[in-house]
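# Overview (structure and organization)
Here is how the chains run, residue by residue.
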Amino acid sequence: MGGFSTNNFKGFVLALLSSGFIGASFIIKKKGLRRAAAVSGVRAGVGGYAYLLEPLWWLGMITMIVGEVANFVAYAFAPAVLVTPLGALSIIVSAVLAQFILKERLHKLGILGCVMCISGSVIIVIHAPQERAISSVQEIWNMATQTAFLLYVGSVVVVVFILIFHFAPQCGSTNVLVFTGICSLMGSLSVMSVKALGTSLKLTFEGKNQLIFPETWFFMVVVAICVITQMNYLNKALDTFNTAVVSPIYYVMFTSLTILASVIMFKDWDGQSGGSIISEICGFIVVLSGTILLNVTKDYEGSSFRGIYHPPLSPSLSARLCSGNGELLKHDEENLVSSDEICLRRQELY
């Protein structure tokens, strides 16, 4: 079993705080959106921007940013195998707070999904590998330029280009895997760069200045490119497909590819026993199953006009920003229901 080192503990606590802040931010922003829509009469989903003048919405945005900063720092202390799957806990925080604050009912199967996410996370934490001690950004650069990881990066770039220039024009609007695939592949590279950049900044704050090395700035540029690409194609995915479909697929692909990239680049599983590795994989599968159950339950509840709020389940800032104001939620079906149901549906969307 992987030892739970001091750095792992710090990363674990920061990841928990991140999920707490991010989960709470969705509820705060939703209350702000409701208040703004009540005042202006135009909700965000149909082009209203009154929420920009609503302090509660900005409080939610600040809360989310605090959570993202905590998540960023967590990668500097703990391996991605530990930090990334814990992003699923943010949806539990949102679901629980929505029940008590927004009076939105959490289905019994949703409760089971929450329990599964927590149980899987505990398994991952217990068996997580220790974080490798890194002394300089050049050491990270050597990891990033090893043959195995360069092959992974090359494969990702090739597949992304094929998806963007060949498949996206042909079936991007009909196959959810195209846009989410681009987001997930680029996301795995962005997390590796975030971890490299975060580690460099941590070393700098400890007195070992890494800002003088070009590698630090290179990783910063890669983070920017990857996040912008993610944001662009996640916007397309959310604008084209149902959020309840995009969220679990994106979470599965993003987390799986991120863990794979981390195992290749940082060799997270080196020195671990086969039992610990299998336990981590099982824990991830349990978290994954709980996540899907939560989203399926919400989709079912939403079809009955009693659904609870379901934020995008992405561990990345780009995903949360893309649908944070609800502008991408679909509402075409409102013309097909009665006026009472329209009012209720609108309430749930903003």
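Attention here is on the structure that accompanies the text. (Residues numbered from 1 in each chain as written. Predicted model: local features only at pLDDT ≥ 70, side-chain atom pairs only at ≥ 80, totals over all residues. Heavy atoms only, no water.)

## So, the environment of Val194
- Mapping Val194 onto the fold places it in helix H8 (residues 176-205).
- Along the backbone, Val194 and Tyr75 are 119 residues apart, and their C-alpha atoms lie at a distance of 7.3 Å.
- Non-local contacts of Val194, meaning those with residues more than four positions away in its chain, are made with Phe72, Tyr75 and Val223. (Helix = DSSP H or I, 4+ residues; strand = E, 2+ residues; numbered from the N terminus. Contact = heavy atoms within 4.5 Å.)

## Looking at the environment of Trp58
- Considering the arrangement of structural elements, one finds Trp58 in helix H2 (residues 55-77).
- Spatially, the C-alpha atom of Trp58 lies 8.1 Å from that of Gly32, the residues being 26 residues apart in sequence.

## Describing the packing of aromatic side chains
- A full pass over the atoms with the stated rule returns eight aromatic pairs.
- Between Trp141 and Phe219, the aromatic rings sit 6.0 Å apart at their centres with planes inclined by 65°, giving edge-to-face as the arrangement. Taken together, the residues Trp141 in helix H6 (residues 137-144) and Phe219 in helix H9 (residues 214-240) connect sequence positions 78 residues apart.
- Their ring planes at 65° and their centres at 6.1 Å tell us that Phe218 and Phe219 sit as a pair that is edge-to-face.
- Here Phe218 falls in the partly exposed class, since its relative accessible area comes to 43%.
- Judged by its relative accessible area of 5%, Phe219 falls in the buried class. (Phe/Tyr/Trp six-rings, centres within 6.5 Å; stacked < 30°, edge-to-face > 60°. Buried < 20%, exposed > 50% of the residue type's maximum accessible area, 1.4 Å probe, protein only.)

Note that every value here comes from positions in space, so none of it alone points to a role or purpose.
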